[in-house]
Amino acid sequence: PDSTADRVERPGTVRATARTELRDAMLATPDPRRGEELYAPCGACHGAEGLGVADGSVPAIAGQHYTVVAKQLVDFRHGQRWDIQMEHASRMAHLAGGQDLADVAAFVATLPRGFGAGHGDGASVGLGAATYFERCERCHGPL
């Protein structure tokens, strides 16, 4: 992986490398069982079940779409996305390339979300917005 200095000095090269790595992950045949092994270090923060921390400081990733997990990992690895808590994990040496990313992303996608999905009646939209701004906006940006 490129050093931080390389990321700053050669952004075009980093973006090309990131695109190649993401392409490799998307073209790989994922092995979720192998991904479970690769996920072990991630579980130290995200939890063994991928449910994060209740206050949102570490996001729940369980059940996230495979492509989203792979893209976010690539972005962290190549300095396209940054978070103080992911700084130590950004190199993710145990994830050597596209196949490893595919495997761990596939495993994360199989984890039960821990909450239901669906559409409500709109009665709690204000609460949802407040929760988003409190727990999600820091990483995902304003609506």
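Placed above this text is the structure.
This text gives an overview of the structure that appears in the document. (Residues numbered from 1 in each chain as written. Predicted model: local features only at pLDDT ≥ 70, side-chain atom pairs only at ≥ 80, totals over all residues. Heavy atoms only, no water.)

1. Focus: the overall build of the protein chain
Piece 1. For the protein chain, the count of helices and strands is seven helices and zero strands.
Piece 2. Its helices and strands taken in sequence order, the protein chain reads α-α-α-α-α-α-α from the N to the C terminus.
Piece 3. The buried share of the protein chain, taken over its 143 residues, is 32%.
Piece 4. For the protein chain, long-range pairs separated by at least 24 residues make up 69% of all intrachain contacts whose partners lie at least 6 apart in sequence. (Helix = DSSP H or I, 4+ residues; strand = E, 2+ residues; numbered from the N terminus. Buried < 20%, exposed > 50% of the residue type's maximum accessible area, 1.4 Å probe, protein only. Contact = heavy atoms within 4.5 Å.)

2. Topic: the layout of surface pockets
Piece 1. Roughly 1300 Å³ of internal volume is contained in the largest pocket.
Piece 2. Along its surface, the largest pocket is lined by 45 residues, and His46, Pro59, Ala60, Ile61 and His140 are the ones closest to its centre.
Piece 3. Contributing elements (two or more residues each) for the lining of the largest pocket: helix H3 (32-46), helix H4 (66-77), helix H5 (98-110), helix H6 (125-135) and helix H7 (137-140).
Piece 4. Take the lining of the largest pocket: its biggest share by element is six residues, from H3.
Piece 5. Its residues assigned to classes, the lining of the largest pocket shows 26 nonpolar, 14 polar and five charged. (1 Å grid on protein atoms, 1.4 Å probe; cavity = no way out; pocket = protein on both sides within 12 Å on 5 of 7 lines; lining within 4 Å. Points joined across faces, edges and corners; volume = space filled by probe spheres on them. Nonpolar A, V, L, I, M, F, W, Y, C, P; charged D, E, K, R; others polar.)

3. As for the pattern of salt bridges
Piece 1. One pass over the structure, following the stated rule, counts five salt bridges.
Piece 2. Among the ionic pairs, Asp100 bridges to Arg34, the shortest N-O distance being 2.6 Å. Here Asp100 is found in helix H5, whereas its partner Arg34 is found in helix H3, with 66 residues between them in sequence.
Piece 3. The class for Asp100 is buried, based on a relative accessible area of 9%.
Piece 4. Classification of Arg34 as partly exposed rests on a relative accessible area of 32%.
Piece 5. For the salt bridge of Asp103 with Arg34, the shortest nitrogen-to-oxygen distance reads 2.5 Å. Residue Asp103 is found in helix H5, and its partner Arg34 is found in helix H3; the two are separated by 69 residues along the sequence.
Piece 6. A single network of salt bridges, built from pairs that share partners, joins Arg34, Asp100 and Asp103. (Salt bridge = Lys/Arg side-chain N within 4 Å of Asp/Glu carboxyl O.)

4. Some thoughts on the packing of H4 against H5
Piece 1. At their nearest, the axes of H4 and H5 sit 8 Å apart, and the two run at 135° to each other. Classified by the interaxial angle, the pair formed by H4 and H5 is oblique. In terms of crossing hand, the pair formed by H4 and H5 is right-handed. Residues Tyr66, Val69, Ala70, Leu73, Val74 and Arg77 of H4 lie in contact with H5, whose contacting residues are Leu101, Ala102, Val104, Ala105, Ala106, Val108 and Ala109. (Axes fitted to C-alpha atoms, helices over the stretch in contact; angles between N-to-C directions. Parallel < 35°, antiparallel > 145°, perpendicular 65-115°, else oblique. Left-handed = near helix turned anticlockwise from the far one by under 90°.)

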